Amino acid sequence: MEVEFEVTTTNYGASYDITCDFVDLIMAGILDAGYTARYSNGRFYGDRIHVFFDRLQPELLEFLINSKIKWGLCVTEEITPDGHFGWSTSEHFGDPYGLGREYAKQLHGASFLWVVFKKSLEFCRKYNRHSALLPLGFSSRLLPRFSVAWSKRDIPALITGALTTRREAIQREGNLKGLGIQHAGHPLPAWCRDHYLSRSTLHVGAARTDQHMKYINPQRVLQSVCFKVALLTECISETDNPYLEYHDAVAPGKIVDKAVELYSDLTALGKVVEQRLEHLADTKSMSTKFRELIQSTVLSV
């Protein structure tokens, strides 16, 4: 029988836009590997393997178990080996270890785990031996549907996501230094955010808060490369991140100066983004890696 996947965001409610980038990445990898993948927001099928993102509501978990549905989780959160859950204490109600303990039950109940951050892998493997790091990379399915030529980009620099106090300060600094950094707006439909990004030369990936500067989100890197936008991120660690060569990581407080520097030579910057896309396509194709992932985690259960 052919293996079919149902990538679903049911646990996120009615909004597809919250997880749309990871949905696109996961579906592209599955499809490139030669399997069937569909997306749904509120349907379940007994003969398909369902892929969820992050935490499930208790009643959904109970339904999956009672219905004997085969399912797995994409773990997009950062979890320390001792179970400290998530990006920051403030985002998780002051009890990140408590959330880690609760999440462990779901990790144990899943058929398989696909993990975004290497740091989270040790914790996930404690509760589910069918855990593996997601080999996120290039697929032609990730290229923009409506691309804009480099010479016609009319947005110098763009900040996406919520406009926090910290990001707002970076936007003001850019404007004072002569670089018009625009904010895309938040929340936005996925197509609208993609439209703004495709018109931009720089993606200013300013951290939401000081607590968010430890990690580089591969989804943001891959999206920027495929859209041929130069990505700048603030980073205080992550020296072993496999995506460092595909963007410019700068120290906290230096992101605006680096953006101004890059924008001063758009011809050179255009060559850089072309080279990064070619290099990603040559070295990080997802087709073979996703076949190996599915064989080792899903089909070995």
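Please refer to the structure higher up on the page.
Residues numbered from 1 in each chain as written. Predicted model: local features only at pLDDT ≥ 70, side-chain atom pairs only at ≥ 80, totals over all residues. Heavy atoms only, no water.

**As for unusual backbone geometry**
The phi angle of most residues is negative, glycine excepted, and most peptide bonds adopt the trans form.
Part 1: With an omega of -5°, the peptide bond between His 186 and Pro 187 qualifies as cis.
Part 2: Of note in the backbone geometry, Lys 68 takes a positive phi value of approximately 60° without being a glycine.
Part 3: Topologically, Lys 68 is positioned in the loop between helix H2 (58–66) and strand E4 (71–75). (Helix = DSSP H or I, 4+ residues; strand = E, 2+ residues; numbered from the N terminus.)

**Quick look at the pairing of strand E9 (residues 200–205)**
Part 1: Of all 6 residues that make up E9, 6 are buried, and the element is covered over most of its length.
Part 2: Bridging between strand E7 (residues 155–159) and E9 involves 3 bridges; their strand directions are parallel. Its bridge partner lying in E9, Ala 157 is registered against Leu 202.
Part 3: Inspection of the sheet shows E9 paired to strand E10 (residues 230–234) by 4 bridges, in the parallel sense. Residue pairing for E10: Leu 202 is matched across the bridge by Ala 230. (Buried < 20%, exposed > 50% of the residue type's maximum accessible area, 1.4 Å probe, protein only. Pairing = 2+ DSSP bridges.)

**Things to note about the layout of surface pockets**
Part 1: Computed from the structure, the largest pocket encloses a volume of approximately 1300 Å³.
Part 2: Around the largest pocket, the lining comprises 42 residues; the ones closest to its centre are Ile 18, Arg 208, Asn 217, Gln 219 and Arg 220.
Part 3: Every element with two or more residues in the lining of the largest pocket is listed here: helix H1 (20–32), helix H6 (190–198), E9, helix H7 (218–226) and E10.
Part 4: Size it by volume and the second largest pocket reaches roughly 440 Å³.
Part 5: Lining the second largest pocket are 20 residues; nearest its centre among them are Val 116, Lys 118, Leu 133, Pro 242 and Tyr 243. (1 Å grid on protein atoms, 1.4 Å probe; cavity = no way out; pocket = protein on both sides within 12 Å on 5 of 7 lines; lining within 4 Å. Points joined across faces, edges and corners; volume = space filled by probe spheres on them.)

**Describing the pattern of salt bridges**
Where charged atoms from two side chains of opposite charge come close, those side chains can pair.
Part 1: A full pass over the atoms with the stated rule returns 16 salt bridges.
Part 2: A salt bridge links Arg 193 to Asp 21; its shortest N-O distance comes to 2.7 Å. Of the two residues, Arg 193 is situated in helix H6 and Asp 21 in helix H1; the sequence distance between them amounts to 172 residues.
Part 3: Each member of the salt-bridge network shares a partner with another, and the members are Glu 4, Glu 6, Arg 38 and Arg 48. (Salt bridge = Lys/Arg side-chain N within 4 Å of Asp/Glu carboxyl O.)

**Looking at the state of the cysteines**
Throughout this description, disulfide means a covalent bond between two cysteine sulfur atoms.
Part 1: What the rule picks out here adds up to 0 disulfides.
Part 2: Distance from the sulfur of Cys 74, which forms no disulfide, to the nearest cysteine sulfur (Cys 124) is 11 Å.
Part 3: On the basis of relative accessible area, Cys 74 is assigned to the buried category, the value being 0%.
Part 4: Not engaged in a disulfide, the cysteine Cys 226 finds its nearest cysteine sulfur in Cys 20; these two sulfurs lie 14 Å apart.
Part 5: The exposure class of Cys 226 is buried, given its relative accessible area of 3%. (Disulfide = S-S within 2.5 Å.)

**Overview of the packing of helix H3 (residues 96–109) against helix H4 (residues 118–127)**
Part 1: Closest axis-to-axis distance for the H3/H4 pair is 8 Å, and the angle between their directions is 60°. If you check the angle between H3 and H4, you find them oblique. In the crossing of H3 with H4, the sense of the turn from one axis to the other is right-handed. For the pair H3 and H4, the contacting residues are Gly 100, Ala 104, Leu 107 and His 108 in the first and Phe 123, Cys 124 and Tyr 127 in the second. (Axes fitted to C-alpha atoms, helices over the stretch in contact; angles between N-to-C directions. Parallel < 35°, antiparallel > 145°, perpendicular 65-115°, else oblique. Left-handed = near helix turned anticlockwise from the far one by under 90°. Contact = heavy atoms within 4.5 Å.)

**A closer look at the nonpolar core**
Part 1: Ranked by internal contacts, the top residues of the largest apolar core, which has 43 residues, are Phe 5, Ile 26, Ile 30, Trp 114, Leu 134 and Phe 290.
Part 2: Among the secondary structure elements, those contributing two or more residues to this core are strand E1 (4–8), H1, strand E3 (49–53), strand E5 (112–115), H7, helix H9 (266–283) and helix H10 (286–297).
Part 3: Top element by residues in this core is H1. It accounts for 7 residues.
Part 4: Every residue in contact with Leu 134, bar those within four places of it in the chain, is listed here: Ile 26, Cys 74, Trp 114, Val 115, Val 116, Phe 290 and Leu 293.
Part 5: Within the second largest apolar cluster, 21 residues are counted, among which are Leu 73, Tyr 103, Val 115 and Cys 124. (Core = buried A, V, L, I, M, F, W, Y, C linked by side-chain atoms within 4.5 Å.)

Distances and angles like these do not, on their own, reveal function.
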